[in-house]
Amino acid sequence: MGADMQLRDRIGRRLKLHDLNVLMTVVQAGSMGKAAARLNTVQPAVSRSIAELEHALGVRLVERHRQGIEPTIYGRALLDCGMTVFDDLRQGVRNIEFLIDPTAGDVRIGCNPVLATSFVSTVIDQISKRYPRIVFHLTVSPVESLLSELNERNVDLLITRKSSPTEHDRLAFESLFDDSFVIVAGSQYRRRTTKLADLVNEPWVLPPPESVLGTVARNAFRASGFEYPRVTVVAIPPEVRINLLATGRFLTIFPTSVLKFSPRRSEMKALPVKLPTSRVTNGIVTLKNRTLSPVALLVIDVARGVAKSLARRK
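Residues numbered from 1 in each chain as written. Predicted model: local features only at pLDDT ≥ 70, side-chain atom pairs only at ≥ 80, totals over all residues. Heavy atoms only, no water.

Engineer: Go over the sheet that holds strand 12 (residues 280-287), please, and point to the residues and values.
Structural biologist: Adjacent strands of a sheet pair through backbone hydrogen bonds, lying either parallel or antiparallel. Taken together, the 5 strands give an open sheet; going across it, the order is 4-3-5-12-6, and neighbouring strands pair in mixed fashion. Single-partner strands in this sheet number two, and they are strand 4 (133-140) and strand 6 (171-179). Here the strands of the sheet are splayed against their neighbours by 25° on average, with no regard to which way each runs. Bridge count for strand 6 against strand 12 is 8 bridges, and the pairing is antiparallel. What sits directly across from phenylalanine 173, in strand 12, is valine 285. Against the sheet, helix 7 (residues 119-130) contacts strand 3 (104-111), strand 4, strand 5 (157-161) and strand 6, and its axis sits at roughly 170° relative to strand 4. (Pairing = 2+ DSSP bridges. Helix = DSSP H or I, 4+ residues; strand = E, 2+ residues; numbered from the N terminus. Axes fitted to C-alpha atoms, helices over the stretch in contact; angles between N-to-C directions. Contact = heavy atoms within 4.5 Å.)

Engineer: Please provide a residue-by-residue account of the pairing of strand 10 (residues 251-255), values included.
Structural biologist: In terms of burial, strand 10 is a largely internal element, 5 of the 5 residues being buried. Of the two faces of strand 10, the one lined by Leu251, Ile253 and Pro255 and the one lined by Thr252 and Phe254 are each fully buried. Sheet topology places strand 7 (residues 181-186) next to strand 10; 5 bridges connect them, and they run antiparallel. Directly across from phenylalanine 181, in strand 10, lies its bridge partner proline 255. (Buried < 20%, exposed > 50% of the residue type's maximum accessible area, 1.4 Å probe, protein only.)

Engineer: Summarise the packing of helix 3 (residues 32-39) against helix 4 (residues 43-57); cite the residues concerned and give the values.
Structural biologist: Contact pair helix 3 / helix 4: the axes reach a minimum separation of 8 Å and the direction vectors enclose 105°. Between helix 3 and helix 4, the angle is such that the two are roughly perpendicular. Together, Met32, Gly33, Ala35, Ala36 and Leu39 of helix 3 and Gln43, Val46, Ser47 and Ile50 of helix 4 make up the contact between the two elements. The residue makeup of the contact of helix 3 with helix 4, split by class, is 6 nonpolar, 3 polar and no charged. (Parallel < 35°, antiparallel > 145°, perpendicular 65-115°, else oblique. Nonpolar A, V, L, I, M, F, W, Y, C, P; charged D, E, K, R; others polar.)

Engineer: Account for helix 2 (residues 17-29), naming residues and giving values.
Structural biologist: The first and last C-alpha atoms of helix 2 sit 18 Å apart over 13 residues, in line with the 18 Å expected at 1.5 Å per residue. Looking at helix 2, one finds that the buried residues are Asp19, Leu20, Val22, Leu23, Met24, Thr25, Val26, Val27 and Ala29. Looking at the packing, one finds that the buried side of helix 2 touches helix 3, helix 4, strand 1 (62-65), strand 2 (68-71) and helix 5 (73-100). Immediately beyond the C-terminal end of helix 2, within one or two residues, lies glycine 30, with a positive phi of roughly 90°. (Expected span 1.5 Å × (residues − 1).)

Engineer: Which residues make up the packing of aromatic side chains, and what values go with them?
Structural biologist: Within this structure, the stated rule accounts for 3 aromatic pairs. Ring centres 5.5 Å apart and planes at 75° place the aromatic pair phenylalanine 119 and phenylalanine 261 in the edge-to-face group. Of this pair, phenylalanine 119 sits in helix 7 while phenylalanine 261 sits in helix 11 (residues 256-261), and the two are 142 residues apart along the sequence. Here phenylalanine 119 matches phenylalanine 261 in class, with each residue buried. Between tryptophan 204 and phenylalanine 221, the aromatic rings sit 5.5 Å apart at their centres with planes inclined by 80°, giving edge-to-face as the arrangement. Taken together, the residues tryptophan 204 in strand 8 (residues 204-206) and phenylalanine 221 in helix 9 (residues 212-223) connect sequence positions 17 residues apart. By relative accessible area, which is 0% here, tryptophan 204 ends up buried. For phenylalanine 221, a relative accessible area of 0% corresponds to the buried category. An aromatic cluster is defined as three or more aromatic residues linked by ring pairs; in this entry it consists of Phe119, Phe177 and Phe261. (Phe/Tyr/Trp six-rings, centres within 6.5 Å; stacked < 30°, edge-to-face > 60°.)

Engineer: I'd love a proper account of the nonpolar core, names of residues and values included.
Structural biologist: Proteins that are soluble and globular tend to have nonpolar side chains buried together. Membership of the largest hydrophobic core comes to 31 residues, with the highest contact counts inside it found for Ile183, Leu199, Trp204, Ile253 and Leu271. Sorting the residues of this core by element identifies strand 7, strand 8, helix 9, helix 10 (238-245) and strand 10 as the ones contributing at least two each. In this structure, isoleucine 183 is in contact with Leu196, Leu199, Trp204, Thr252, Ile253, Lys269, Ala270, Leu271, Val273 and Leu275, ignoring residues within four places of it in sequence. (Core = buried A, V, L, I, M, F, W, Y, C linked by side-chain atoms within 4.5 Å.)

Engineer: Outline unusual backbone geometry, supporting the account with residue identities and numerical values.
Structural biologist: Positive phi values are uncommon outside glycine, yet asparagine 40 reaches one of about 60°. Note that asparagine 40 resides in the loop between helix 3 and helix 4. Notably, arginine 153 is not glycine yet its phi reads approximately 65°, a positive angle. On the secondary structure map, arginine 153 appears in the loop between helix 8 (143-151) and strand 5.

Engineer: Help me get a handle on the packing of helix 2 against helix 5, residues and values and all.
Structural biologist: Two elements in contact, helix 2 and helix 5, have axes separated by 10 Å at closest approach and are oriented at 120°. With respect to helix 5, the axis of helix 2 lies oblique. Along this stretch, helix 2 crosses helix 5, giving a crossing that reads as left-handed. Counting all contacts with helix 2, which are made through Leu17, Leu20, Asn21, Leu23, Met24 and Val27, the residues of helix 5 involved are Arg76, Leu78, Leu79, Gly82, Met83, Val85, Phe86 and Leu89. Its residues assigned to classes, the contact of helix 2 with helix 5 comprises 11 nonpolar, 2 polar and 1 charged. (Left-handed = near helix turned anticlockwise from the far one by under 90°.)

Written as structure tokens, this is what we have:
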């Protein structure tokens, strides 16, 4: 019997999912004692699980340091595999639940704040009308954090703007729609102008200058010979900016999709002030070779339909 056959035989007979879960918990916790507390067991039981894994594979999986426990290169390889195994098991259970009751299920969606309050909310609304028992778990963060959540399989898919990391070999990006940007005021705002220069000294509420919308604002004003406007309120959450727009005093910059999909779109209006051409592509990001649940596939299908409706409105 060759070495590969011997290894597969040892794995088949001796590698246990329980022990694999213990290893993942130990590495996450950083010590045997903390892992035992999380698993509601005793430290000798944790040590025994790790020892049985190492014996089954014939390699050392963890190393002890003053700072705690760290995986070896072999341990890291097994952890990567374990993450996939448990994710596939979770997906399998969710598929069985969906087959038992196609009107129920849950899905984990990652999205950035602007899309969460507009496009993604519209997608969820359409699905929940047809399948009111589906549960949606939203993770709302900047794109960089979302990509980490996806890689760690904490979310099923992302609906967010395209960024260069999505070109990574492990990720797939499907374009949904392009967004341009407009200056937005509250529906009560009465000043009429078509010149950006007239708005420099108005009260602005914008995200930080290094953000996507902050960059759009900076480029727009520089193209007109001005520096970044004097911002009265620096805020990332779209809800905060919409609330301030409702006073009729403040201005901000939003993607055009917000004015199409936000439930509060009647409280806002785009000013007829032309901004320099700047666009972002929004779409769906998934892990390649990862099997998605039926509910996740439903979200993707509805998102495509909502994006097509946006194209028809233009």
